[in-house]
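Fold and geometry: a report
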Amino acid sequence: MKAVTWHGKRDVRVEEVPDPAIKEPNDAIIRVTSSGICGSDLHLYEVLGPFMAEGDILGHEPMGIVEEVGSGISTIKPGDRVVIPFNIACGHCHMCGMELYAQCETTQVREHGMGAALFGYTKLYGHVPGGQAEYLRVPEAQFGPIKVPEGPPDERFVYLSDVLPTSWQAVEYAHIPEGGSVAVFGLGPIGQMSARIARHLGHRVIGVDGVTARLEMARRHGIEVVDASEVSDVPGEIRQRTDGRGTDSVIDAVGMEAHGSPAAKLAQTITGLLPDVVAAPLMANAGVDRLAALNQAIDSVRRGGVISITGVYGGMTDPMPMLRMFDKGITIRMGQANVRKWISALMPLLTDDTDPLGVMDFTTHRMPLEQAPEAYEMFQKKADGAVKILLKP
Ligand SMILES: NC(=O)c1ccc[n+]([C@@H]2O[C@H](COP(=O)([O-])OP(=O)(O)OC[C@H]3O[C@@H](n4cnc5c(N)ncnc54)[C@H](O)[C@@H]3O)[C@@H](O)[C@H]2O)c1
Ligand SMILES: [Zn+2]
Ligand SMILES: [Zn+2]
């Protein structure tokens, strides 16, 4: 089959690789019909190289048709239309019992002290082949796959794999009071949907980014915006719009590659240049994140407010402004999305013909799998108005 494989910094290729096969009774094989490219894939493309191996298959936002199931699977059958959550969870362990699916004890990557395995995401997360491919082997298929109805196009449902549950969790974790306000830093796919969900739930939303097409998309969905390419003091601007206090909550939908802090960019560049044996421990033991967005989030939230971090960070010793955080009395929640937990809240919004979250105005590019190298480059550069790109195997 054809698959998108990783070969080094900014080097992804489409190659012929062996078809996946059932290995365990709880496996399923799906034929992929759509597969998203995520901001998390950009970390692999750019800074997390030390944890990748050449030829690794990328992708964790797939949907498709069940081809084959192992002897232990009775919940799905060949021909079913399914979306696959990005984290792999068993559904029956202690953590899954608490709906903490991103911490599943059956798939936890203990060797690296990490949580549940993820599709297409480094040795740290189990080294599981990903879904930007024609076929995907799905472990723990008794629990993960989400059955979706026939009829509407893939775009309607595919974002249940990651973007929608991640954004729903981001809003839940932001704990916005009734009638309250939230600032969303970053209007990539995750920030867009977090903003729409918060608004759908009746909150005031201020979105921040510096990319015109992304600001425009947010505006089109009724989001108030701050253009970070024009406003030099973003937290000041947010305070000014909120009676001098700041928003009740802030969602950081940017993560470790934020624009605006050159020192960390140097650290990232250096780890990107070192041989992996040296770079991996350096990344794991040092603060290599660009914390610009997170620092602005801390500055923008009102006293006693809540910050919800959904952008991914990867350093072990990142410097944090403890004085400001303690004095302001901030609460912070963060983590990988517990995808399955939020599906029952989301599904009615996707089968509603009025499309309350506007998922049909979200995919900006649909490209054949073969064009993955161009798609990655376009998404990273935010070129041609790219917000969300779907690959079509
Ligand atoms: N927690 C989870 O489970 C989970 C799931 C999916 C994605 N993520 C993470 O969420 C983050 C966003 O993902 P995405 O797909 O939307 O990616 P993206 O890279 O397209 O979006 C990031 C956006 O942030 C903007 N930005 C950069 N610096 C900024 C700053 N200082 N202030 C304001 N905006 C700034 C960029 O212009 C860009 O539009 C990534 O870190 C990704 O890894 C987390
Ligand atoms: Zn993703
Ligand atoms: Zn589990």
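As named in an unreviewed UniProt entry, the protein chain is Glutathione-dependent formaldehyde dehydrogenase, taken from Nonomuraea terrae. Heading Sequence similarities (unreviewed entry) of the UniProt record for the protein chain holds this comment: "Belongs to the zinc-containing alcohol dehydrogenase family." Taken directly from UniProt, the Cofactor (unreviewed entry) text for the protein chain runs: "Zn(2+)".

1. Thoughts on the domain arrangement of the protein chain
If you check the domain split of the protein chain, you get domain 1 (2-162 + 338-392) and domain 2 (164-334). Between the C-alpha centres of domain 1 and domain 2 there is a distance of 24 Å. Listed per partner, the contact involves 28 residues of domain 1 and 30 residues of domain 2. Elements with a contribution of two residues or more to the side of domain 1 that touches domain 2: helix H1 (39-46) and helix H12 (343-351). The biggest single contributor to the side of domain 1 that touches domain 2 is H1, with five residues.

2. Thoughts on the site of ligand 1
Residues in contact with ligand 1 amount to 33 residues; listed here are only the nearest, Gly-39, Ser-40, Gly-186, Gly-188 and Gly-255. Elements that contribute at least two residues to the shell around ligand 1 include exactly H1, helix H5 (189-200), strand S9 (204-209) and helix H10 (292-300). With four residues, H1 is the single largest residue contributor to the shell around ligand 1. Its residues assigned to classes, the shell around ligand 1 comprises 16 nonpolar, 14 polar and three charged. Residues lining the shell around ligand 1 come from more than one domain, with at least three contributed by each of domain 1 (2-162 + 338-392) and domain 2 (164-334).

3. A short note on the packing of helix H4 (residues 163-174) against H5
Packing of H4 against H5 brings their axes to within 8 Å, and their N-to-C directions diverge by 55°. One way to sum up the angle between H4 and H5 is to call them oblique. For the element pair H4 and H5, the recorded crossing hand is right-handed. From H4, Val-163, Leu-164, Thr-166, Ser-167, Trp-168, Ala-170 and Val-171 reach across to H5, where they touch Pro-189, Ile-190, Met-193, Ser-194, Ile-197 and Ala-198.

Cut-off values and rules
Residues numbered from 1 in each chain as written. Chains lettered and ligands numbered in written order. Predicted model: local features only at pLDDT ≥ 70, side-chain atom pairs only at ≥ 80, totals over all residues. UniProt positions renumbered as here; feature names shortened; annotations may be inferred. Domains from an automatic or database assignment. Contact = placed C-beta atoms within 7 Å. Helix = DSSP H or I, 4+ residues; strand = E, 2+ residues; numbered from the N terminus. Near = placed C-beta within 6 Å. Nonpolar A, V, L, I, M, F, W, Y, C, P; charged D, E, K, R; others polar. Axes fitted to C-alpha atoms, helices over the stretch in contact; angles between N-to-C directions. Parallel < 35°, antiparallel > 145°, perpendicular 65-115°, else oblique. Left-handed = near helix turned anticlockwise from the far one by under 90°.

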